[in-house]
Amino acid sequence: MPIWGDRLLAAGGAPVTVPRDPARDAARDELLKAEYHKNDPSVLERVIDWIWDHIDRAMGSISGGGTDGTTGLVLFLVVAAVIAAALWWRLGAPKRAVRTDYGVYGAAGPRTAAQYRADAAGHAAAGRWTEAVREQMRALVRALEERTLLDTRPGRTADEAAAEAGRALPDQAAALTAAARTFDDIAYGERTADQAAYQLLLDLDRALERSRPVLAHAAATAPAPAPTPTPGGAA
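Okay, so let's go over this structure.

**Looking at the overall build of the chain**
For step 1, the next point in the chain: Counting secondary structure elements, the chain contains nine helices and two strands.
For step 2, the next point in the chain: Starting at the N terminus and walking to the C terminus, you meet the elements of the chain as β-β-α-α-α-α-α-α-α-α-α.
For step 3, the next point in the chain: Of all 235 residues assigned to the chain, the portion counted as buried reaches 26%.
For step 4, the next point in the chain: If you take every contact in the chain between residues at least 6 apart in sequence, the share linking residues at least 24 apart comes to 54%.
For step 5, the next point in the chain: Of the roughly 16,100 Å² that the chain leaves accessible, carbon and sulfur atoms contribute 60%.

**Quick notes on the nonpolar core**
For step 1, the next point in the chain: Ranked by internal contacts, the top residues of the largest apolar core, which has 32 residues, are Met137, Val141 and Leu144.
For step 2, the next point in the chain: Those elements that place two or more of their residues in this core are α4 (113-125), α5 (129-146), α6 (158-168), α7 (173-187) and α8 (195-210).
For step 3, the next point in the chain: No other element matches the seven residues that α5 contributes to this core.
For step 4, the next point in the chain: Beyond its immediate stretch of four places on either side in the chain, Met137 contacts Val104, Ala158, Ala179, Ala180, Phe183 and Leu201.

**Focus: empty space enclosed by the protein**
For step 1, the next point in the chain: For the coordinates displayed, the defined rule picks out one cavity of 30 Å³ or more.
For step 2, the next point in the chain: In this structure, the largest cavity spans a volume of roughly 40 Å³.
For step 3, the next point in the chain: In terms of lining, the largest cavity is formed by Arg117, Leu140, Ala143, Leu144, Arg147, Asp205, Leu208 and Glu209.
For step 4, the next point in the chain: Those elements that place two or more of their residues in the lining of the largest cavity are α5 and α8.
For step 5, the next point in the chain: Of the residues that constitute the lining of the largest cavity, the class distribution is four nonpolar, no polar and four charged.

**Section: the pattern of salt bridges**
Side chains carrying opposite charge are able to pair once their charged atoms draw close together.
For step 1, the next point in the chain: The full count for this structure, using the stated rule, is twelve salt bridges.
For step 2, the next point in the chain: Between Arg111 and Asp119 there is a salt bridge, with the nearest N and O atoms lying 2.6 Å from each other.
For step 3, the next point in the chain: Using a relative accessible area of 33% as the deciding quantity, one classes Arg111 as partly exposed.
For step 4, the next point in the chain: On the basis of relative accessibility, which here comes to 29%, the residue Asp119 falls in the partly exposed class.
For step 5, the next point in the chain: We note a salt bridge from Glu164 to Arg153, for which the minimum N-O separation is 2.5 Å. Pair noted here: Glu164 is in helix α6 and Arg153 is in the loop between α5 and α6, with a separation of eleven residues, a long-range link.
For step 6, the next point in the chain: Its relative accessible area of 30% is what places Arg153 among the partly exposed residues.

Each value, and the rule that gives it
- Residues numbered from 1 in each chain as written.
- Predicted model: local features only at pLDDT ≥ 70, side-chain atom pairs only at ≥ 80, totals over all residues.
- Heavy atoms only, no water.
- Helix = DSSP H or I, 4+ residues; strand = E, 2+ residues; numbered from the N terminus.
- Buried < 20%, exposed > 50% of the residue type's maximum accessible area, 1.4 Å probe, protein only.
- Contact = heavy atoms within 4.5 Å.
- Areas by Shrake-Rupley, 256 points an atom, 1.4 Å probe, with all protein chains shown as cover.
- Core = buried A, V, L, I, M, F, W, Y, C linked by side-chain atoms within 4.5 Å.
- 1 Å grid on protein atoms, 1.4 Å probe; cavity = no way out; pocket = protein on both sides within 12 Å on 5 of 7 lines; lining within 4 Å.
- Points joined across faces, edges and corners; volume = space filled by probe spheres on them.
- Nonpolar A, V, L, I, M, F, W, Y, C, P; charged D, E, K, R; others polar.
- Salt bridge = Lys/Arg side-chain N within 4 Å of Asp/Glu carboxyl O.

In structure tokens, the structure reads:
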């Protein structure tokens, strides 16, 4: 019996002998062309189908469709772990929501320190601690700008304000950093505001009013100390 691929007919009808291996290779190359596979499921679709198939089997096992309920539950947990790993691999680790940061003053822009303090006190009296913390931090930063310890710059964040002010007021640098962190955590929803957080910023605001800046050029212009005399006179 002739084997397909051993003999073919040429255009004129004459038989042509074709070796078996090249014929098989030609058929395989033909079947590998993209037009034969354009409707094939993707790798991700095949993985999802495989996962759902195992979920169906696990759920059937839990309901008593072949194995005992404990085995089915174990299978279900394994499949759930596989799904979680697949989602982690596909989507990556959960990320914090992107925030729109307009700086410490928000989108409205700066007002006076006195206005911010009055608003903060009003919110605190009503127990609105989140709003009180925001307004008190704004009062603190605006007061430093009004004293020219900070330049007035739109879009400055609380962290930037704390770092810049800490160079002029080194004794308060650590407190300023802590205040900026408290403001960020509360303003962006990662921490619940309370009276203690508000009081921290209020006390710092009052302490900053009493603080005197260390001028950058003070050390450079200070007179050098007189040399200590050497016992016994000059050599």
